[in-house]
Amino acid sequence: MHPTDHDDQEHTMTSTFSRTEPGASAAALAELLSTIDDWSVDGDELLRVRSDRSGWLVEGLPEVVIRVTSADEVSRVLAFATLHRIPVVTRGAGTGLSGGASAGEGSIVLDVSSLNRIHQIDPENQIAIVGPGVITADLDRAAAAHGLRYAPDPASAAISSIGGNIATNAGGLRGAKYGVTRDAVLALTVVLADGRILRTGRQTIKGVTGYDLTSLIVGSEGTLGVVVEATVRLQPVPVETQTVVAFFDTVVDAAAAATAIGLARLQPSLLELMDGPTLHAVDDAQGTDYHRRGTAFLVAQTDGFGASAEIERITAVLRRGAREVTRALDPIEAEELVRARRLALPSIETRGRVLIEDVVVPRTRLAEAFLGIQQIAQESGVQVFVIAHAADGNLHPIILLAAEEPSEREWHVAGLIFELALRLGGTLTGEHGVGLLKQRWVRGELGETGSAVHAGIKSLFDPAGILNPGKSF
Ligand SMILES: Cc1cc2nc3c(=O)[nH]c(=O)nc-3n(C[C@H](O)[C@H](O)[C@H](O)COP(=O)(O)OP(=O)(O)OC[C@H]3O[C@@H](n4cnc5c(N)ncnc54)[C@H](O)[C@@H]3O)c2cc1C
């Protein structure tokens, strides 16, 4: 998917950051900044970094943006912020969709995008050591020179950073077979809120000494520490890829077919579903005519040495319920089909402002989830487009907004979708994170004991509560 411009979307949340103490005096802050190479208090710059691609805002403007150039600088800034109780919001590439990098009144925006060196690619051990500011697609490209790739491929790979991907546990289309960011991270260097450096994990593929702090940091959304270096796994580029697309009479049939592929013990490397409204949006924006071939679209890929045999089996499963099944004849046709899916979100966005949601259900309940969302949309009169990483049960219901801000009715629809996902045994967010957006629902999923344990972990890592305040779990 090509990056789209969400910058004009701005939504204000009522929560504000608050210092628990008066904060640093101007003199103390000036003293800190005198030791930092690159920072800005320019108004336009502060406006730029106060939100991410979601457009979600907290009240007020940040105090300063510090573009760190070393782990040592990160350490000094955090120690200072803890001492003076100043909120710190870590910022990667700012492409988040949940307001995770939104920064409010009096905060320091810690921009880590300049820590963007690929320190090492070790092709023999199939690992890379990178700074957090490395753009995801750049790592993938660098690995390709060795016949390897960085498997996690969020649709934002060309514009998002490895550090942001780690903080949100980003997923992508290849997740069907290769998992999400967490599955690719072996070790991290993290600066803690008080400035100490924590090293988690190891450079080996296996290892179990101590608690799994690497996994704890992955997906912690900048609330536990700042990732300043990561060791990640690389995978061989598959020798062969095969692609098939199927069109169905109903989206529920398509979802059932996606589930049937898993039940047949087949392992696609990509399995993406688009519903009817999305197909129309893609056709209108891209000049294609997919909606004439069916009401729902499912594209599957297989890869590796058994790709041809496996795609045959998947094709047979799809033929049981589809109106039309077509194998891609060559890589160009395959790319065209996958491109239609990648362009789904930008195509929908040509219709107006959207609220992009991100829930997960067990794979066997995908059809129920689609049916439930359809009912919610019909009963509420709100238009909802749905695309899904079908192999993971990860649905993106995209709510078309009637105005600049989501109305109470549209929030209500989002809430009903979250409740549906939880009722089906699922979760509130598969890859975009809680951020600001899902604060009001998160405790419902974690439960009382779960929330208490989260609070305990937070206070251990960040006793002064400076890291991404207002966005903890
Ligand atoms: C067009 C488009 C398509 C997208 N497609 C996908 C997709 O397919 N899959 C998916 O998962 N997401 C997707 N996203 C969402 C977004 O790209 C991801 O959430 C991405 O991981 C954010 O990375 P970033 O570098 O932009 O992080 P930011 O937006 O800058 O920050 C995200 C969060 O991470 C924290 N953070 C950033 N860097 C660090 C660090 N070094 N240490 C600690 N915390 C840090 C921030 O505080 C914030 O909470 C998409 C976004 C867009 C605009």
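The rules we used
- Residues numbered from 1 in each chain as written.
- Predicted model: local features only at pLDDT ≥ 70, side-chain atom pairs only at ≥ 80, totals over all residues.
- Heavy atoms only, no water.
- Helix = DSSP H or I, 4+ residues; strand = E, 2+ residues; numbered from the N terminus.
- Rg over C-alpha atoms; globule rule 2.2 N^0.38 Å.
- Buried < 20%, exposed > 50% of the residue type's maximum accessible area, 1.4 Å probe, protein only.
- Lys, Arg positive; Asp, Glu negative; His and termini not counted.
- Charge placed at Lys NZ, Arg CZ, Asp CG, Glu CD.
- Core = buried A, V, L, I, M, F, W, Y, C linked by side-chain atoms within 4.5 Å.
- Near = heavy atom within 4 Å.
- Polar contact = N/O pair within 3.5 Å; in protein donor to acceptor, adjacent residues only side chain to side chain.
- Areas by Shrake-Rupley, 256 points an atom, 1.4 Å probe, with all protein chains shown as cover.
- Nonpolar A, V, L, I, M, F, W, Y, C, P; charged D, E, K, R; others polar.
- Salt bridge = Lys/Arg side-chain N within 4 Å of Asp/Glu carboxyl O.
- Pairing = 2+ DSSP bridges.
- Axes fitted to C-alpha atoms, helices over the stretch in contact; angles between N-to-C directions.
- Expected span 1.5 Å × (residues − 1).
- pLDDT = per-residue confidence, 0-100.
- Contact = heavy atoms within 4.5 Å.

## A word on the overall build of the protein chain
Reasoning step 1: Scanning the protein chain for helices and strands turns up 16 helices and 21 strands.
Reasoning step 2: Compactness check: the protein chain gives a C-alpha radius of gyration of 22 Å against a globular reference of 23 Å for 473 residues, within 12% of the reference.
Reasoning step 3: In terms of overall dimensions, the protein chain has C-alpha extents of about 70 × 55 × 45 Å along its principal axes.
Reasoning step 4: Put simply, the protein chain has 473 residues, and 57% of those count as buried.
Reasoning step 5: Charged side chains of the protein chain number 41 positive and 59 negative; the gap between the two group centres comes to 5 Å.

## Looking at the nonpolar core
Reasoning step 1: Grouped together as the largest cluster of nonpolar side chains are 56 residues, with contacts concentrated most on Leu318 and Leu395.
Reasoning step 2: Leu32, Val68, Ala81 and Ile466 belong to the second-largest nonpolar core, a separate cluster that totals 27 residues.

## Concerning the site of the ligand
Reasoning step 1: Around the ligand sit 35 residues, and of these Thr90, Gly92, Thr95, Ser156 and Ser161 come closest.
Reasoning step 2: A distance of 3.3 Å separates an oxygen atom of the ligand from a polar backbone atom of glycine 164.
Reasoning step 3: In the environment of the ligand, a nitrogen atom lies 3.2 Å from a nitrogen or oxygen atom belonging to the side chain of glutamate 431.
Reasoning step 4: Burial of the ligand by the surrounding chains reaches 98%, relative to a free accessible area of 980 Å².
Reasoning step 5: Secondary structure elements with two or more residues in the shell around the ligand: β5 (88-91), α5 (162-168) and β12 (226-233).
Reasoning step 6: The biggest single contributor to the shell around the ligand is α5, with five residues.
Reasoning step 7: Per-class residue counts for the shell around the ligand are 11 nonpolar, 20 polar and four charged.

## Remarks on the pattern of salt bridges
Reasoning step 1: Tallied over the full model, the rule gives 19 salt bridges.
Reasoning step 2: Residues glutamate 45 and arginine 48 are paired through a salt bridge, measuring 3.1 Å at the closest nitrogen-oxygen approach. In this pair, glutamate 45 and arginine 48 are both assigned in helix α2 (residues 43-48), three residues apart and thus about one turn of the helix distant.
Reasoning step 3: The buried category is assigned to glutamate 45, whose relative accessible area is 15%.
Reasoning step 4: The exposure class of arginine 48 is partly exposed, given its relative accessible area of 48%.
Reasoning step 5: Residue arginine 323 is joined to aspartate 249 by a salt bridge in which the shortest nitrogen-to-oxygen separation is 2.8 Å. Taken as a pair, arginine 323 in the loop between α11 (307-319) and β17 (324-327) and aspartate 249 in the loop between β14 (241-248) and α9 (251-263) lie far apart in primary sequence, 74 residues in all.
Reasoning step 6: Residue classification places arginine 323 among the partly exposed residues on the basis of a relative accessible area of 47%.
Reasoning step 7: On the accessibility criterion, aspartate 249 (43% relative accessible area) is partly exposed.
Reasoning step 8: Connected through salt bridges with shared partners, the residues Asp38, Glu45, Arg48 and Arg67 form a single ionic network.

## Quick look at the sheet that holds strand β10 (residues 185-191)
Reasoning step 1: Taken in spatial order, the five strands make up an open sheet running β7-β8-β12-β10-β11, and their pairing is antiparallel. Sheet topology places β7 (118-122) and β11 (197-201) at the edges, where each strand pairs with a single neighbour. On average, each strand axis in the sheet is inclined to that of its neighbour by 10°, with strand direction left out of account.
Reasoning step 2: By the bridge criterion, four bridges tie β7 to strand β8 (residues 127-130) in an arrangement that is antiparallel.

## As for helix α15 (residues 408-423)
Reasoning step 1: Relative to the 22 Å expected for 16 residues at 1.5 Å per residue, α15 spans 22 Å between its end C-alpha atoms, a close match to the ideal helical length.
Reasoning step 2: Restricting attention to buried positions, one finds in α15 the residues Glu410, Trp411, Val413, Ala414, Gly415, Ile417, Phe418, Leu420 and Ala421.
Reasoning step 3: In the segment just after α15, glycine 425 is the residue with positive phi, at about 90°.

## Some points on the pairing of strand β20 (residues 384-389)
Reasoning step 1: For β20, the buried fraction is high: six of the six residues fall into the buried class.
Reasoning step 2: Along β20, one buried face is formed by Val384, Val386 and Ala388 and the opposite face, lined by Phe385, Ile387 and His389, is buried too.
Reasoning step 3: By the bridge criterion, three bridges tie strand β15 (residues 270-274) to β20 in an arrangement that is antiparallel. Bridge assignment links methionine 274 to a residue of β20, and that residue is isoleucine 387.
Reasoning step 4: What sits between β20 and strand β21 (residues 394-400) in their antiparallel hairpin is a turn of four residues, with glycine 393 showing a positive phi close to 70°.

## Brief notes about the confidence of the model for the protein chain
Reasoning step 1: Here the protein chain averages 93 in pLDDT, and 95% of its residues register 70 or above.
Reasoning step 2: This model gives residues 1-8 a pLDDT under 50, and the stretch forms 19 contacts once residues within four places in sequence are excluded.
Reasoning step 3: Within the model, pLDDT remains below 50 along residues 14-22, and this stretch shows 23 contacts once partners closer than five positions in the same chain are excluded.

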